[in-house]
Structures are given as structure tokens and as C-alpha cells.
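Overview (structure and organization)
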Amino acid sequence: MSNIILGPNQYGKAEVRVVKITRDTRRHEIEDLNVTSQLRGDFEAAHLEGDNSHVVATDTQKNTIFAFARDGVGSPEAFLMRLGEHFTSSFDWVTGGRWEAESYSWDRIQAHGSGHHHSFVRNGQEVRTAVLVRDGAGTHLIAGLKDLTVLKTTQSGFVGYDKDKYTTLPETTDRILATEVSARWRFKAGTDFSTLDFNKSYADIKALLLEAFTEKYSHALQQTLFDMGRKVLEARGEIDEIRFSMPNKHHFLVDLSPFGLDNPNEVFFAADRPYGLIEATVQRDDAVPAETAWSGIAGFC
């Protein structure tokens with residue numbers, strides 16, 4: 001009979017909603033995060049013996065997040081690195097962990113011709129993401145975004161695909177291409193993170209993704225996905241790989257002939273499901289694998 005043993009484990013406080021308002025001047029600033037902290041290390045006694053002497057309470061982890069926010073966030077990546085350094089240096093038995101954040105953007109409300117000092121409207125364009133994994137001496141940092149919905153009205157088609165008796169989709173050389181981009185990019189191991197401006201890096205990479213979406217005729221969403229990833233890697237030497245999950249948000253031409261009307265590719269039905277789901281990794285051929293960094297991230301993104 002085999003022995004029953006404890007396998008890999010982690011624990012912490014999930015989805016701590018923290019909002020930091022900076023009030024140094026009349027013109028306030030807002031930072032809005034959803035943070036998860038999970039610790040890894042010597043927690044065997046807690047599982048096997050009920051001995052909690054090595055347990056850093058999840059409530060303590062929550063309070064640490066709030067306390068660290070007092071000094072500001074700066075960027076989700078930098079905030080997670082502060083948390084990771086604190087927990088792995090403050091408790092001898094904590095050998096690593098996984099810290100994750102979503103960052104929500106707010107825009108100033110335009111009032112009387114200028115941005116208001118202390119009134120904001122939620123920016124719904126996308127959600128910024130970050131994940132920090134510390135595993136012993138190794139540190140892995142992944143930035144990203146999700147819910148970035150993009151669409152182009154032409155310069156996309158889909159032809160030449162395999163057809164069998166179940167195929168009903170007609171070929172087209174002019175269609176709407178729409179998707180909701182989820183992407184995560186992994187910084188090279190050994191990168192000196194203290195030299196990086198994470199906010200600028202994020203803005204630049206988002207701009208590259210959007211620009212690549214516009215640039216070429218798309219023969220398939222797969223091709224567009226690869227072009228987006230390649231553009232980022234060619235421009236940003238600190239990134240080793242980028243993973244995408246991109247649903248094909250189908251737009252079907254409506255038949256208006258029953259109403260005596262033509263439809264010259266102008267009126268569409270936007271279907272929310274079912275949808276094609278395209279997922280892939282674009283990486284450098286010499287990238288050092290780092291599957292530990294991706295552990296716990298569902299699917300590709």
C-alpha cells in the first residue's frame with residue numbers, strides 16, 4: 001500500500017480590494033487594485049499536525065496589503081515585488097509565493113473644460129494584470145491585460161480552410177474581425193526590475209498590441225495574434241514570451257431580403273456565443289522555460 005503524503009501547497013488571502021487616494025495636493029490621485037497573496041514554504045505541520053506556528057494568518061496578509069498601500073502603489077508590478085520581498089524576508093519558513101493583482105483605471109471627469117480635481121469615472125477599456133512568483137532564489141514577473149475589446153471593419157477574411165460534410169461556414173474575403181484580448185507577458189529571468197518603469201512599459205506594450213492589430217490584412221485571427229506577439233517581442237528586449245487568449249467575436253451578416261432591402265456588408269448580428277477561442281504563446285526561440293511562473297494561471301491567460 002502506498003503512503004499518503006502532502007504535495008505542493010500554498011495559501012493566502014484572495015481578492016483584497018484596496019483603493020489608495022493620494023491627497024498631497026488639491027488634485028487627488030486614485031489607485032485601485034484587487035490583490036491576492038499566497039505563500040509557499042514549510043507548512044507541513046499545519047496540514048499534518050494542526051500546528052499553526054508557521055502560519056502567517058491570511059488576515060495578516062490582508063492587513064499587510066493595506067499597510068503597504070499607505071505608501072502608494074506606483075505600479076501593480078512594483079507593489080507585488082514589495083509584498084513578495086516582505087513575506088520571504090520576514091518569515092524564515094516562507095520560501096516563496098505567488099502574488100497577483102488586477103489594476104482598474106479611472107479617468108478624471110471632464111467638467112467645465114478640464115479634468116476635475118477629485119471626481120473620476122471608471123475607465124472600462126481593459127483591466128491591467130500582474131503576477132509575481134518567487135520560488136527560492138528565482139523570481140518571475142508576468143504583466144498583462146484582459147478585456148481589451150478590439151474590432152476592425154474590413155481587411156479581414158477567412159478562406160481556404162478544410163471542409164467536410166459538417167461545414168456550413170461560407171468563405172469570405174471581407175469580414176469584421178473582433179476579439180477580446182487577454183495577454184500576459186513574462187519578463188526575462190534576471191532582469192534588473194529596479195531599472196524598469198512598469199507603467200511606461202505597460203503603456204508601450206498595449207500600444208504595440210493595438211498597432212499590430214491594425215497593420216495587416218488578417219487571413220485568420222491566429223495570424224493576427226502571432227503578429228501582435230511578434231511586434232511586442234521585437235520592440236521590447238526585456239520580454240521573453242507573451243501568451244494570448246483571444247475569442248473570435250463573430251459578426252454575422254443579416255439577411256434583409258425579406259424586407260426588400262439589400263445589405264452591402266453593413267448590418268450585422270453580433271453573436272456572443274458560441275465563439276472560436278484562439279490561444280497561443282509567442283516566444284523567443286532561446287527563451288528559458290519558466291513553467292513555475294505560469295502555474296496557477298488558468299488556461300493561457
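Look a little higher up for the structure.
All values derive from a computational prediction rather than experimental measurement.

1. Some thoughts on the packing of helix α4 (residues 198-215) against helix α5 (residues 221-235)
- In contact at an axis separation of 8 Å, α4 and α5 are set at 135° when each is read in the N-to-C sense. In terms of their interaxial angle, α4 and α5 are classed as oblique. Between α4 and α5 the crossing geometry is right-handed. Of the residues in α5, those in contact with I205, L208, L209, E211, A212, F213 and E215 of α4 are T224, D227, M228, K231, V232 and A235.
- Class assignment of the residues belonging to the contact of α4 with α5 gives a composition of 8 nonpolar, 1 polar and 4 charged.

2. Regarding the sheet that holds strand β8 (residues 177-187)
- Ordered in space as β1-β2-β3-β6-β7-β8-β9-β12, the 8 strands form an open sheet in which the pairing is antiparallel. The sheet terminates laterally at β1 (11-22) and β12 (276-283), the two strands that pair on one side only. Sheet twist, expressed as the mean angle between neighbouring strand axes with direction ignored, is 15°.
- Pairing of strand β7 (residues 138-152) with β8, which is carried by 9 bridges, proceeds in the antiparallel orientation. Residue pairing for β8: K152 is matched across the bridge by L177.
- The strands touched by α4 within the sheet are β6 (127-135), β7, β8 and β9 (239-248), with β7 carrying the most contacts at an inclination of about 40°.
- Lying over the sheet, α5 contacts β8, β9 and β12, oriented at roughly 155° with respect to β9.

3. A look at unusual backbone geometry
- R273 connects to P274 through a cis peptide bond whose omega is -10°.
- Along the chain, P274 turns up in the loop between β11 (268-270) and β12.
- At H112, a residue that is not glycine, the phi angle is positive and equals roughly 55°.
- Residue position: H112 is located in the loop between β4 (106-111) and β5 (114-122).
- Even without being a glycine, N265 presents a positive backbone phi close to 65°.
- On the secondary structure map, N265 appears in the loop between β10 (251-253) and β11.
- With relative accessibility at 33%, the residue N265 sits in the partly exposed group.

About the cut-offs
- Residue indices begin from 1 for each chain and proceed along its sequence in written order.
- Per-residue local features of the predicted model are confined to residues with pLDDT of at least 70, and side-chain atom pairs are confined, for both listing and counting, to 80 or more; whole-chain, interface and lining totals are unaffected and use all residues.
- For side-chain calculations, the full set of non-hydrogen atoms in the structure is used, while hydrogens and water are omitted.
- To obtain each axis, a line is fitted to C-alpha atoms, and for helices this fit is confined to the stretch in contact; angles are then taken between N-to-C directions over 0 to 180 degrees.
- Each helix is a run of DSSP H or I of at least 4 residues and each strand a run of E of at least 2, with the numbering of both proceeding from the N terminus.
- By definition in this entry, angles of less than 35 degrees are roughly parallel, angles greater than 145 are roughly antiparallel, angles of 65 to 115 are roughly perpendicular, and the rest are oblique.
- Crossing handedness is defined as follows: a turn of the near helix away from the far one that is anticlockwise and smaller than a right angle gives a left-handed crossing, while the clockwise case is right-handed.
- We call two residues in contact whenever any of their non-hydrogen atoms come within 4.5 Å of each other.
- When residues are grouped by polarity, Ala, Val, Leu, Ile, Met, Phe, Trp, Tyr, Cys and Pro land in nonpolar, Asp, Glu, Lys and Arg in charged, and all others, Gly among them, in polar.
- At least two DSSP bridges between two strands are needed for those strands to be called paired.
- The classification of residues rests on relative accessible area computed with a 1.4 Å probe and restricted to protein chains. Under 20% of the type maximum is buried, over 50% is exposed, and intermediate values are partly exposed.

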